[in-house]
Amino acid sequence: MRSLRRGDSTSDRNGAIVSIKDICDLYNTDMIASIAFGLRSYSLRNTQSEIGSHCQDIFRPNMRRIIDFFVIFYLPKLVPLLRSKLFTESHSEFLRRVIQLVIEERERGGILRNDLIEMLLTLKKEADLQQDKSHFTHHQDFLAAQAASFEVAGIETCSSSMSFALYELAKQPLMQARLRREIREAFRRQSDDGSESLSYERIASMEYLRMVVEETLRKYPIVPLLERECTPTSKKRFYSLRPHAECYARRGMPIYISNLAIHHDPKYWPDPERFDPERFSALNKSHQVPMSYLPYGAGPHNCIGMQIGQLQIKLGLIYFLRQHQVELCDQTVEQISFDPKFALLASEHSIYLKIVDCYDL
Ligand code: HEM
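How each quantity is defined
- Each chain carries its own residue numbering, running from 1 in the written order of its sequence.
- In keeping with the predicted nature of the model, local features appear solely for residues at pLDDT of at least 70, side-chain atom pairs appear and are counted solely at 80 or more, and the whole-chain, interface and lining totals rest on all residues.
- Remark: hydrogens and water are excluded; side-chain values derive from all non-hydrogen atoms of the structure.
- The rule for a residue being near a molecule or strand is that one of its heavy atoms must lie within 4 Å of it.
- Polar contacts here mean pairs of N or O atoms no more than 3.5 Å apart (in protein, one a potential hydrogen donor and the other a potential acceptor; neighbouring residues in sequence count only if both atoms are side-chain atoms).
- Under the convention adopted here, Pro, Cys and the residues Ala, Val, Leu, Ile, Met, Phe, Trp and Tyr are nonpolar, Asp, Glu, Lys and Arg are charged, and Gly plus all remaining residues are polar.
- Only N, O and S atoms count as donors, using a 2.8 Å limit from the metal and a wider 3.2 Å limit for Na, K and Ca, and since water is excluded some coordination spheres may look unfilled.
- Each helix is a run of DSSP H or I of at least 4 residues and each strand a run of E of at least 2, with the numbering of both proceeding from the N terminus.
- Only protein chains enter the accessibility calculation, which uses a 1.4 Å probe. A residue is then buried if its area is under 20% of the maximum for its type, exposed if over 50%, and partly exposed in between.
- The term nonpolar core refers to a set of buried residues drawn from Ala, Val, Leu, Ile, Met, Phe, Trp, Tyr and Cys, joined through side-chain atoms within 4.5 Å.
- Here the axes come from fitting lines to C-alpha atoms, over the contacting stretch only for helices, and the angles between their N-to-C directions go from 0 to 180 degrees.
- Should an angle fall under 35 degrees it is taken as roughly parallel, and over 145 as roughly antiparallel, whereas 65 to 115 is taken as roughly perpendicular and any remaining angle as oblique.
- Whether two residues are in contact is decided by their heavy atoms, any of which lying within 4.5 Å being enough.
- Strand pairing requires that DSSP identify at least two bridges connecting the strands.
- By definition, no residue in a patch forms a salt bridge, and every one has over 30% relative accessible area; like charges are joined within 9 Å, nonpolar side chains (Val, Leu, Ile, Met, Phe, Trp, Tyr) within 5 Å.
- Using the Shrake-Rupley algorithm and a 1.4 Å probe, accessible areas are obtained, with residue cover drawn only from the displayed protein chains.
- For this document, the term salt bridge refers to a Lys or Arg side-chain nitrogen within 4 Å of an Asp or Glu carboxyl oxygen.
- The length a helix should cover is 1.5 Å for every residue beyond the first.
- An arc is given here, and it is the one of the directions from the helix axis to the C-beta atoms.

Novice: I'd like a description of the site of the ligand, backed by residues and values.
Specialist: Surveying the vicinity of the ligand reveals 20 residues, the closest of which are Arg228, Gly297, Ala298, His301 and Cys303. Residue arginine 228 places a side-chain N or O atom 2.6 Å away from an oxygen atom belonging to the ligand. Histidine 301 has a polar side-chain atom sitting 2.6 Å from an oxygen atom of the ligand. Residue composition of the shell around the ligand, by class: 11 nonpolar, eight polar and one charged.

See the structure below:
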């Protein structure tokens, strides 16, 4: 994740050329700061905010981070030996400090806010009532780790999804105009009901927005590999993959399923490189082959943040596109190539787009 540096954006009366992922990073940092830490981080206003620069540390690739990530994900048994860490020491300290401060303030002021911190405090109170001193909520690191997991899982995923969506919409002005019409119509109907902001139900009823987001995650499944361990239910030591493949998986063997490959398989998705939200119209959805669409995984280990992730992406697109238009410019890459150094799906090159105000379009 890069911050918006001077030189990364240029502007004139006709609009601004920006690295769109940088803007999406800042927006999603603000969202997770609010949802997970109960803070207003104002990263969009102050691109060098403390929380923003700490969040950047996690995904800023350097050789040490690449090795740490590789060991954590692919060779977990070596973690104690190599002392691989997801967070740097200074980042961990920052997380502990912030969570402690927020919790103290909440407990002192009796502030109520419907967020992760409040849920953790409720759990802690329940443990206190039961006089359970060994309860996990008494461990400060446990509390910080919950917020940290939101930070790891909720910023980069949503930010990349949003920037891929905006890139595709810049390429397809008619789709963008259709989505903007739906967004403005939703605001009109909400204000007829006497409210300025959109309700959850109103957002959920925005059909074309849903189709655009779902097609974005079809073409760009941000978590491109699903990981499982082979655990045959019988006592057998092997699981046969016949008749689908002439091979066996050994008990305990790690299995990697490429949802990226599945999402680009023309057997399930004709003309897979074409961005086409119509694939997700109510009618077309009913013809989809089960398990051919896995952006959030499947089964008991699927993504627990699916709902909040979708809401974050949708809200970002709504408020951005309501009054801004994205267009291609000379610096826009013609084709996205994925960064091979990155565990998640990320564009190898910055995606530059032109942003034009369009209050009256
Ligand atoms: C566009 C947004 C997101 C995408 C595409 C995404 C995708 C995924 C995928 C593919 C998995 C693995 C599922 C599997 O193996 O079956 C996963 C796991 C997970 N995600 Fe997400 N995610 C997103 C947003 C979020 C958010 C916002 C949070 C939390 C705030 C979150 C929390 C988690 C957690 C905790 C897991 C591990 C679940 C487990 O192992 O039981 N994700 N996500």
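Novice: How would you summarise the coordination of the iron atom of the ligand if you had to cite specific residues and measurements?
Specialist: Within the protein, just one atom coordinates the iron atom of the ligand: Cys303 (SG), at a distance of 2.3 Å. Along the polypeptide, cysteine 303 turns up in the loop between α13 (282–285) and α14 (306–323).

Novice: Talk me through the environment of valine 152; I want residue IDs and the actual numbers.
Specialist: With respect to the helices and strands, the residue valine 152 is situated in helix α7 (residues 140–154). Valine 152 sits in the partly exposed class, given a relative accessible area of 21%. With 67 residues separating them along the chain, valine 152 and lysine 85 place their C-alpha atoms 13 Å apart.

Novice: Quick one: what's the story with the nonpolar core, residue by residue and with numbers?
Specialist: In this structure, Ile20, Leu166, Leu317, Leu321 and Val326 are the most contacted members of the largest nonpolar core, which totals 50 residues. Among the secondary structure elements, those contributing two or more residues to this core are β2 (15–19), α1 (20–37), α8 (156–171), α9 (173–192), α11 (207–219), α14 and β8 (352–357). Element by element, the count of residues in this core is highest for α8, at eight residues.

Novice: Help me get a handle on the packing of α8 against α9, residues and values and all.
Specialist: Orientation of α8 relative to α9, taken along the N-to-C sense of each, is 115°, at an axis distance of 5 Å. Classified by the interaxial angle, the pair formed by α8 and α9 is roughly perpendicular. Contact residues: Leu169, Ala170 and Lys171 in α8; Pro173, Met175, Gln176 and Leu179 in α9. Partitioned by chemical class, the residues of the contact of α8 with α9 number five nonpolar, one polar and one charged.

Novice: Give a detailed account of the pairing of β2, specifying residues and quantitative values.
Specialist: Note on strand geometry: in a regular strand, side chains alternate between the two faces of the sheet. Buried residues dominate β2, accounting for five of its five residues. Burial along β2 is two-sided: the face carrying Gly15, Ile17 and Ser19 and the face carrying Ala16 and Val18 are both buried. Where β2 and β8 come together, four bridges link them in antiparallel fashion. The residue of β8 that forms the bridge with alanine 16 is isoleucine 355.

Novice: Pulling in residues and values, what's your account of unusual backbone geometry?
Specialist: In this model, arginine 242 is joined to proline 243 through a cis peptide bond whose omega is 0°. Phi angles above zero are rare outside glycine, and arginine 83 is one such case at about 55°. Looking at the element boundaries, arginine 83 is found in the loop between α4 (79–82) and α5 (89–109). Using a relative accessible area of 64% as the deciding quantity, one classes arginine 83 as exposed. Despite not being glycine, aspartate 271 shows a phi value in the positive range, around 50°. One can find aspartate 271 in the loop between α12 (259–263) and α13. On the accessibility criterion, aspartate 271 (44% relative accessible area) is partly exposed.

Novice: Before we move on, could you go through a nonpolar patch on the surface and cite the residues and values that matter?
Specialist: On the surface, Phe70, Phe73, Tyr74, Leu75, Leu78, Leu81, Leu82, Leu225 and Tyr256 cluster together into a nonpolar patch covering about 810 Å² of accessible area. Sorting elements by how many residues they give to the nonpolar patch places helix α3 (residues 63–74) first, with three residues. Within the element layout of this structure, phenylalanine 73 appears in helix α3.

Novice: Got a sec to walk through helix α6 (residues 116–129)? Specific residues and values, please.
Specialist: For the α-helix, the turn length of 3.6 residues means that residues three or four positions removed from each other point alike. Across its 14 residues, α6 extends 20 Å between first and last C-alpha, which sits within 8% of the 20 Å expected from 1.5 Å per residue. Buried within α6 we find Leu116, Ile117, Leu120, Leu121, Lys124 and Ala127. Seen from one end, α6 has its buried residues packed into an arc of 135°, which puts them on one side. The exposed residues of α6 that point more than 90 degrees off its buried face are Met119, Lys125 and Leu129.

Novice: Give me the lowdown on the packing of α8 against α11, citing residues and values where you can.
Specialist: Orientation of α8 relative to α11, taken along the N-to-C sense of each, is 105°, at an axis distance of 9 Å. Here α8 is positioned roughly perpendicular relative to α11, judged by the angle of their axes. Between α8, through Ser161, Phe164, Ala165, Glu168 and Leu169, and α11, the contact on the second element is made entirely by Val212, Thr216, Leu217 and Lys219. Of the residues that constitute the contact of α8 with α11, the class distribution is five nonpolar, two polar and two charged.

Novice: Report on the pattern of salt bridges, specifying residues and quantitative values.
Specialist: Inspection of every chain in the model, using the stated rule, returns 22 salt bridges. Note that lysine 21 is salt-bridged to aspartate 25, the shortest N-O span being 3.0 Å. With a gap of four residues between them, lysine 21 and aspartate 25 both fall in helix α1, about one helical turn apart. An identical accessibility class is assigned to lysine 21 and aspartate 25; each is buried. Put simply, aspartate 68 and arginine 65 hold a salt bridge, and the shortest N to O gap is 4.0 Å. Note that aspartate 68 and arginine 65 are positioned in helix α3 at a spacing of three residues, about one turn of the helix. Accessibility classification places aspartate 68 together with arginine 65 in one group, the buried group.

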